Amino acid sequence: MNDDLREQGPRRVGQVKEVTSLSNPIVKDIKALSLKKTRDETRSFMAEGLKLVIDALDLGWTIKVLVYSKAGRGKPLVEKVAARAVAAGGLVLEVNDKVMSAITRRDNPQMVAGVFEQRFRALKDVHLGKNETWVALDRVRDPGNLGTIIRTADAAGASGVILIGDCTDPFSLETVRATMGSLFAMPLVKTSVEEFVRWKAKCGGQVVATHLAGAVDYRTIDYKRKPVVVLMGNEQSGLPDELAREADALARIPQAGRADSLNLAVATGVMLFEARRHLLTLGDAK
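Residues numbered from 1 in each chain as written. Predicted model: local features only at pLDDT ≥ 70, side-chain atom pairs only at ≥ 80, totals over all residues. Heavy atoms only, no water.

Q: Sorry, what's going on with the pairing of strand β9 (residues 206-210) here?
A: Successive residues of a regular strand alternate their side chains across the two faces of the sheet. Of all five residues in β9, five are buried, a share of seventy percent or more. Burial along β9 is two-sided: Q206, V208 and T210 and V207 and A209, pointing in opposite directions, are all buried. With four bridges joining them, β9 and strand β11 (residues 228-232) adopt parallel strand pairing. Across the sheet, the residue bridging to A209 is L231, located in β11. (Buried < 20%, exposed > 50% of the residue type's maximum accessible area, 1.4 Å probe, protein only. Helix = DSSP H or I, 4+ residues; strand = E, 2+ residues; numbered from the N terminus. Pairing = 2+ DSSP bridges.)

Q: What is the right way to look at the nonpolar core in this model?
A: Where a protein is soluble and globular, its nonpolar side chains tend to be buried together. Ranked by internal contacts, the top residues of the largest apolar core, which has 51 residues, are F45, L66, F116, L137 and M271. No other element matches helix α10 (residues 264-275), which puts six residues into this core. Discounting residues that sit within four places of it in the chain, L66 has contacts with V53, V81, A82, A85, L91, V92, L93, V112, A113 and G114. Residues W134, I164, F196 and A247 belong to the second largest nonpolar core, which totals 19 residues. (Core = buried A, V, L, I, M, F, W, Y, C linked by side-chain atoms within 4.5 Å. Contact = heavy atoms within 4.5 Å.)

Q: Honestly, unusual backbone geometry in this entry has me stumped. Any pointers?
A: The phi torsion of most residues other than glycine is negative, and most of the peptide bonds are trans. Despite not being glycine, R43 has its phi angle at roughly 50°, a positive value. Turning to its location among the elements, R43 is positioned in the loop between α2 (36-42) and β2 (44-48). In this model, R105 sits at a positive phi of 60°, which is unusual for a non-glycine residue. Its location among the elements puts R105 in the loop between α5 (97-104) and β5 (112-117). What makes R105 exposed here is its relative accessible area of 55%.

Q: For this particular structure, what's the right way to read the UniProt feature "domain: RNA 2-O ribose methyltransferase substrate binding" (unreviewed entry) in the chain?
A: The positions that UniProt labels "domain: RNA 2-O ribose methyltransferase substrate binding" (unreviewed entry) are, in the present scheme, residues 46-122. Annotated as 38% helix and 27% strand, the span residues 46-122 places its first and last C-alpha atoms 22 Å apart. (UniProt positions renumbered as here; feature names shortened; annotations may be inferred.)

Q: I tried to follow the packing of aromatic side chains on my own but got confused; where do I start?
A: Aromatic rings in a pair are described by how distant their centres are and how their planes are angled relative to each other. As enumerated under the stated definition, the model contains eight aromatic pairs in all. Aromatic side chains F116 and F184 sit 5.4 Å apart centroid to centroid with 65° between the ring planes, which places their arrangement in the edge-to-face category. Of this pair, F116 sits in strand β5 while F184 sits in the loop between α7 (173-179) and β8 (188-191), placing them 68 residues apart in sequence. Through pairs of rings, three or more aromatic residues link up here, namely F45, W61, F116, F120, F171 and F184. Above the ring of W61, the side-chain terminus of R119 is found at 4.3 Å from the ring centroid. Here the basic side chain of K190 rests over the ring of F120, its NZ or CZ set 4.6 Å away from the ring centre. (Phe/Tyr/Trp six-rings, centres within 6.5 Å; stacked < 30°, edge-to-face > 60°. Lys NZ or Arg CZ within 6 Å of the ring centre and 35° of its normal.)

Q: Hey, could you run me through the sheet that holds strand β10 (residues 216-217) in this one?
A: Strands pair in a sheet through their backbones, by hydrogen bonds, and they do so in one of two ways: parallel or antiparallel. The strand order across the open sheet formed by seven strands is β8-β7-β6-β11-β9-β12-β10, and the pairing between neighbours is parallel. Two strands lie at the open edges of the sheet, namely β8 and β10, each paired on one side alone. Note that strand β6 (residues 133-138) and β11 share five bridges and pair parallel. Bridging across to β11, L137 finds its partner in M232. The strands touched by helix α6 (residues 143-156) within the sheet are β6, β7 (160-164) and β8, with β6 carrying the most contacts at an inclination of about 170°. (Axes fitted to C-alpha atoms, helices over the stretch in contact; angles between N-to-C directions.)

Next comes the structure, spelled out in structure tokens:
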């Protein structure tokens, strides 16, 4: 593994390299970020797109490598973001289309991609403030679902996403793509069932969970009285009893028609926007 993706001590001055070979060691390391093992070892991940890279830098994320295609050379926004990456101590690569396609695993890749340092918040540091809404997900397994939920949580004005148990990696390429950049705006927490239960007992909020045994229409719950944690179960098996017991309300979303269930990301979106209905107005729209 190349040192450019590993944790460093004091960050060195950034530099720019032109790369045209797929056998270049740094290119190989970036391609290897498609593997969770490599992402975990290097605490790194890749995001594609000029806007996403700019958003990440604006929000203070640490960039390790910036990659841009030759087509980006001379474009003011690309050159500006390259200069920011260099100033931040990142490595900047100018690559050909073949290398860009290999790195992003796309036939028609975007012009810019960045390798960033992963960022998680500890659950013990999450203190629920007035009008805050968090999403807690138990063993979510589908990268598209997780990415869509992170994006939806951002859109609804939620404060963050808590991943309980063996969840899919929020920093996989598929999940990052599905967040459409919201990954950089949403604090993420990884935790165990046991730690979540301990935290819930003293967090000062109300946990509202969806459950097939839920006796309460999700629209009848008072979401104003306390900060809310919307707790959602695994796509296949739903919430385990040990988590369902911790909910202050077990809710159901009324349904009609032949479908016997909602997609997890859709159900989470329905719950989130209801929980925050009293806080959202069209005047907040950007």
